[in-house]
Amino acid sequence: MAHLHEHINARTGRPLTARSRYTYLSPLLRFFRETSQWGWSDVPGRPLLGRSVMPKLPSGLPRFIPRAELDRLMEAVEELEDPHQRAALLLLRWSGARRGEIARLTLDCLDAYPDGYPRLRIPVGKTYTERMVPLHPQAADALRELIAAAKAANAAARHDA
């Protein structure tokens, strides 16, 4: 462990990050834990390393997409030919729904507030509750197109593998 603190990454010329040290130590921690559980005679009866010696990993903080990058991304989304991809990406942006929640949307998922502003009914998912979220008109229009096409084709529910 002392060597990992002093080791210089050959590629960057800087000391190893906490993530790299964690990646190197995790298999070793597991090895010591499992060999002590197996009760071999030539192995110590307790793990030599514990979780307390692992490097503390910094918690990731979400960040916003800078305006210039978001504008480029949205231009690319608008140019997508596949209406399903375009609608899914617009829903991700404007609703904050998870990927799995978008995949499980039903034909009656689009609704409106009394003032006519669109809202999206997100089905029961990770939180075990149904949610209603306001939806930008751009995403609502893309979703309406898909719903209309699905109803016209008398589409049945399907899930990609």
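Details of the structure are given in the entry above.
Report on the accompanying structure. (Residues numbered from 1 in each chain as written. Predicted model: local features only at pLDDT ≥ 70, side-chain atom pairs only at ≥ 80, totals over all residues. Heavy atoms only, no water.)

## Description of the environment of Ala 76
Of note, Ala 76 is situated in helix H3 (residues 67-78). Separated by 71 residues in sequence, Ala 76 and Ile 147 place their C-alpha atoms 23 Å apart. (Helix = DSSP H or I, 4+ residues; strand = E, 2+ residues; numbered from the N terminus.)

## Thoughts on the sheet that holds strand S2 (residues 118-122)
Strand order in the open sheet formed by 3 strands is S1-S2-S3, and the pairing between neighbours is antiparallel. Strands at the two margins of the open sheet, each flanked by one partner only, are strand S1 (110-112) and strand S3 (131-134). The sheet shows a mean angle of 35° between the axes of neighbouring strands, taken without regard to direction. Relative to S2, S1 is paired through 3 bridges, and the arrangement is antiparallel. Pairing of Ala 112 across the sheet is with Pro 118, part of S2. (Pairing = 2+ DSSP bridges. Axes fitted to C-alpha atoms, helices over the stretch in contact; angles between N-to-C directions.)

## Notes on the side chain of Ser 95
One can find Ser 95 in helix H4 (residues 83-95). At 2.5 Å, the side chain of Ser 95 forms a polar contact with the backbone oxygen of Leu 91. Discounting residues that sit within four places of it in the chain, Ser 95 has contacts with Leu 120, Val 133 and Leu 135. (Polar contact = N/O pair within 3.5 Å; in protein donor to acceptor, adjacent residues only side chain to side chain. Contact = heavy atoms within 4.5 Å.)

## Observations regarding the pattern of salt bridges
Throughout the structure, instances matching the rule amount to 10 salt bridges. In this structure, Arg 121 and Asp 108 form a salt bridge, with 2.6 Å as the shortest nitrogen-oxygen distance. Of this pair, Arg 121 sits in strand S2 while Asp 108 sits in the loop between helix H5 (99-103) and S1; the two residues are 13 residues apart in sequence, bridging distant segments of the chain. For Arg 121, a relative accessible area of 19% corresponds to the buried category. Three or more residues joined by partner-sharing salt bridges are found here, namely Glu 78, Arg 86 and Glu 145. (Salt bridge = Lys/Arg side-chain N within 4 Å of Asp/Glu carboxyl O. Buried < 20%, exposed > 50% of the residue type's maximum accessible area, 1.4 Å probe, protein only.)

## Focus: the environment of Arg 144
On the secondary structure map, Arg 144 appears in helix H6 (residues 137-152). Its relative accessible area of 41% is what places Arg 144 among the partly exposed residues. Sequence separation between Arg 144 and Cys 109 is 35 residues, and the spatial gap between their C-alpha atoms is 10.0 Å. What Arg 144 contacts, discounting residues up to four positions off in sequence, is Leu 110 and Pro 118. A polar contact of 2.8 Å, which involves the side chain of Arg 144, links it to the side chain of Asp 141.

## A look at H3
Over its 12 residues, H3 runs 16 Å from end to end, which matches the ideal 16 Å to within 8%, given 1.5 Å per residue. Contact partners of the buried residues in H3: H4. (Expected span 1.5 Å × (residues − 1).)

## Here we look at the packing of aromatic side chains
For the structure shown, the criterion picks out 2 aromatic pairs. With 5.7 Å between their ring centres and 55° between their planes, Phe 31 and Phe 32 make a pair best called tilted. Residues Trp 38 and Trp 40 carry aromatic rings whose centres are separated by 4.9 Å and whose planes lie at 45° to one another, so their mutual orientation is tilted. With a relative accessible area of 49%, Trp 38 lands in the partly exposed category. Since its relative accessible area comes to 46%, Trp 40 is described here as partly exposed. Note that Arg 119 overlies the ring of Tyr 113, its terminal NZ or CZ placed 4.9 Å from the centroid. (Phe/Tyr/Trp six-rings, centres within 6.5 Å; stacked < 30°, edge-to-face > 60°. Lys NZ or Arg CZ within 6 Å of the ring centre and 35° of its normal.)

Note that every value here comes from positions in space, so none of it alone points to a role or purpose.
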